[in-house]
Each structure stands twice: as C-alpha cells, then as structure tokens.
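Fold and contact review
Each chain is listed here by its residues.
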Amino acid sequence: MKLIKIQTLFVLITIFIVNINYAQDNIPLNLESAIDLALEKNTDITISNYQVNTSEFALKEAKGNFLPKLYANANYNRNINRQVIFLPDGLGMGGTATELGADNDYRAVIEALIRK
C-alpha cells in the first residue's frame, strides 16, 4: 500500500515537472529584436500612432475646407404637353388658353463656393 502511494506521488511530481518545462517557451532574442518586439506589442505606442494618424487626417480635412468648391448640376425634361395659362379678356388674348415653354427643357447650374 505504501509503495503505491510513493509511485503515485512520483508519477504526479514527474508530470508536474514536465509540464513546467514545456510551459516555458524559449525565444532567442538579441537586443534589436527584443526592442522591436516590445515596440510592436506595446499598446500605448499603438494607440499613440493611431492618434497621430487621426490628427493628420483632421488637419487634411481642415485644409480641404478652405479650398474652393465647385458644384455642377444639369437637368433635362421632356414636356409631352406644354404648360397652359389662361389669360383674362383684358389683355387682348380673348380668354383662350396660351401654351408656354418648349417641348424640351434644359437646365444647367454651376456654383462656386469660395471661403475666405
């Protein structure tokens, strides 16, 4: 009975020691690779880099707001039936319907915004 306890204890200690040895990873590092790894894994430096990028893009956006902006818009409309207006008899038209406009309607707008 005592021999079984000793054997069980020996097996458990052996397993524990083997697990400790396998749990430790050995990474051969020189000074440069250790510094590179530390800089890469450092969250403060990563967050600072993202903040620098955000600030650079905000600066580009602010500079872009001072550039002149040019807007162009075009529209085409085909009038199947022209618009009709009824004029009173006092204008000499005799109270008949008068058609206005053309069959085709073209519109173009160019707008420039300049900020000072």
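Residues numbered from 1 in each chain as written. Predicted model: local features only at pLDDT ≥ 70, side-chain atom pairs only at ≥ 80, totals over all residues. Heavy atoms only, no water.

Observations regarding helix H3 (residues 43–65)
Stated formally: Per the convention used, a helix needs a DSSP run of H or I reaching at least four residues, while a strand needs a run of E reaching at least two, with both numbered from the N terminus. Expected span of a helix: the number of residues minus one, times 1.5 Å. Two N or O atoms count as a polar contact when they lie within 3.5 Å, although within protein this holds only if one can serve as hydrogen donor and the other as acceptor, and sequence-adjacent residues are included solely when both atoms are side-chain atoms.
Between its first and last C-alpha, H3 extends 33 Å over 23 residues, near the 33 Å set by a 1.5 Å rise per residue. The N-cap of H3, judged by a side-chain oxygen 3.1 Å from the amide nitrogen of Asp 44 a few residues on, is Asn 42.

Things to note about the confidence of the model for the protein chain
Rule in force here: pLDDT is a per-residue confidence score from the predictor, ranging from 0 to 100.
Summarising the model, the protein chain shows a mean pLDDT of 81, and 82% of its residues fall at 70 or more. No element of the protein chain has a lower mean pLDDT than helix H1 (residues 2–23), at 68, and none a higher one than strand E1 (residues 69–78), at 93.

So, empty space enclosed by the protein
We count it as follows: Grid spacing is 1 Å over the protein atoms alone, the probe is 1.4 Å, and a cavity is where that probe fits but cannot get out, while a pocket is an open set with protein on both sides within 12 Å along at least five of seven lines and lining residues have an atom within 4 Å of a point. Grid points are joined across faces, edges and corners, and a volume is the space filled by probe spheres set on the points. Residues are sorted three ways: Asp, Glu, Lys and Arg are charged, Ala, Val, Leu, Ile, Met, Phe, Trp, Tyr, Cys and Pro are nonpolar, and all the rest, Gly among them, are polar.
Summed over all chains, the structure comprises 1 cavity of 30 Å³ or more. Estimates place the volume of the largest cavity at around 30 Å³. Together, Asn 65, Leu 67, Pro 68, Lys 69, Leu 113, Ile 114 and Arg 115 line the largest cavity. A per-class count over the lining of the largest cavity returns 4 nonpolar, 1 polar and 2 charged.

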